[in-house]
Amino acid sequence: MDFLVGGLAGVGAGFFSNPFDVVKTRMQLQGELRARGQHNVYYKNVPHAIYTIIKHDGVASLQKGLVPALWFQLVVNGVRLGIYQHADDYGLLRDELNNTKFINSMFFGSLAGMVGAFFGSPLQLVKTQLMSYSSEKIAVGTQHAHSGMTYAIMKIYKKNGLSGLFRGAHGMMIRNSIGSASQIASFSISKEWMDNNNLFQQSKYLSAFIAGNIGAIMKTVTLTPMDVIMTRLYNQAVDVNGRGLLYTGILDCARKITKTEGLLAFYKGIGPSYLRQAPHSVLLLVFWDMLKDFEKHLGLKKLNA
């Protein structure tokens, strides 16, 4: 049940944050392996990017990749929040005073994020390629022209086999491990601190809302460099053997970005990344809190029946 609760929380949050994910993906691919000033800038900032996408591709394009995005949320957050909750249920996260242990929270948050990322990696691969596809006038990165999630999965599988669908999974595991640890630990610690000190208790979920924002900031700062790398790796074209035509792996991608675009390129798309992470983290963690309360309520009903 813990895995279902986590997955449903992710799906609920993912629907609202998906448009910012589309913008983030386009901005991270913009100017790929080109020095500043040596490429067209189609997406200047978040409002301009939204306007440009709507103008050339229509309003519906802001929800490109929504189907694999929601499945990704169901799988990844179902696994990672489920594992984290189980660790809490088994008493692995708290001390004798029932306060969260920061190191334990970081460890299990990292482990849970890593496991979830492995299972969700094929969906992230497909999602990235669907989100990047656009009108030729505003195209950035490799254009894959998939007609939908099922078509993309079958196309990748037929060309490169099962390993092709899990291309870049190790990088995704590192990315999610970092993001999950920073998000869950900062959320748990800050929410617990507010609750223990009677701060922001005017509403049952107000402290969860504020703690979710803190988690979003921490996750955005720590996650973005690896997120840029993974967007590039997932979106690049590959040969018949599944090897990337632009990058051979994480280190090669990082080296080439540094050499051609500079260190600031690792924070490309941080604006839409935060605008995605903020509502997503808040909705995800508040939904998680609400669904856990609902689960407890149902459990009490069963006990009283």
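Note that the structure is predicted; figures quoted are calculated from it, not measured.

**Description of the packing of helix 3 (residues 66–89) against helix 4 (residues 102–132)**
Then, in step 1: It is the contact of helix 3 with helix 4, at a shortest axis distance of 8 Å, that shows an interaxial angle of 170 degrees. With respect to helix 4, the axis of helix 3 lies roughly antiparallel.
Then, in step 2: Looking at side-chain class alone, the contact of helix 3 with helix 4 contains 17 nonpolar, six polar and two charged residues.

**Remarks on the environment of methionine 106**
Then, in step 1: Here methionine 106 is to be found in helix 4.
Then, in step 2: Taking relative accessible area as the criterion, methionine 106 reaches 29% and is therefore assigned partly exposed.
Then, in step 3: Separated by 80 residues in sequence, methionine 106 and serine 186 have C-alpha atoms that sit 8.8 Å apart.
Then, in step 4: With residues up to four places along the chain from it excluded, the contact list for methionine 106 reads Ala181, Ser182 and Ala185.

**Focus on unusual backbone geometry**
Then, in step 1: Positive phi outside glycine occurs at alanine 145, with the angle close to 55 degrees.
Then, in step 2: Positionally, alanine 145 belongs in the loop between helix 4 and helix 5 (149–165).
Then, in step 3: Assessed through its relative accessible area of 39%, alanine 145 is described here as partly exposed.
Then, in step 4: Even without glycine at this site, asparagine 198 takes up a positive phi of about 60 degrees.
Then, in step 5: Structurally, asparagine 198 is set in the loop between helix 6 (169–196) and helix 7 (206–235).
Then, in step 6: By relative accessible area, which is 59% here, asparagine 198 ends up exposed.

Cut-offs applied
Residues numbered from 1 in each chain as written. Predicted model: local features only at pLDDT ≥ 70, side-chain atom pairs only at ≥ 80, totals over all residues. Heavy atoms only, no water. Axes fitted to C-alpha atoms, helices over the stretch in contact; angles between N-to-C directions. Helix = DSSP H or I, 4+ residues; strand = E, 2+ residues; numbered from the N terminus. Parallel < 35°, antiparallel > 145°, perpendicular 65-115°, else oblique. Nonpolar A, V, L, I, M, F, W, Y, C, P; charged D, E, K, R; others polar. Buried < 20%, exposed > 50% of the residue type's maximum accessible area, 1.4 Å probe, protein only. Contact = heavy atoms within 4.5 Å.

All we've got here are geometric facts, nothing functional implied.
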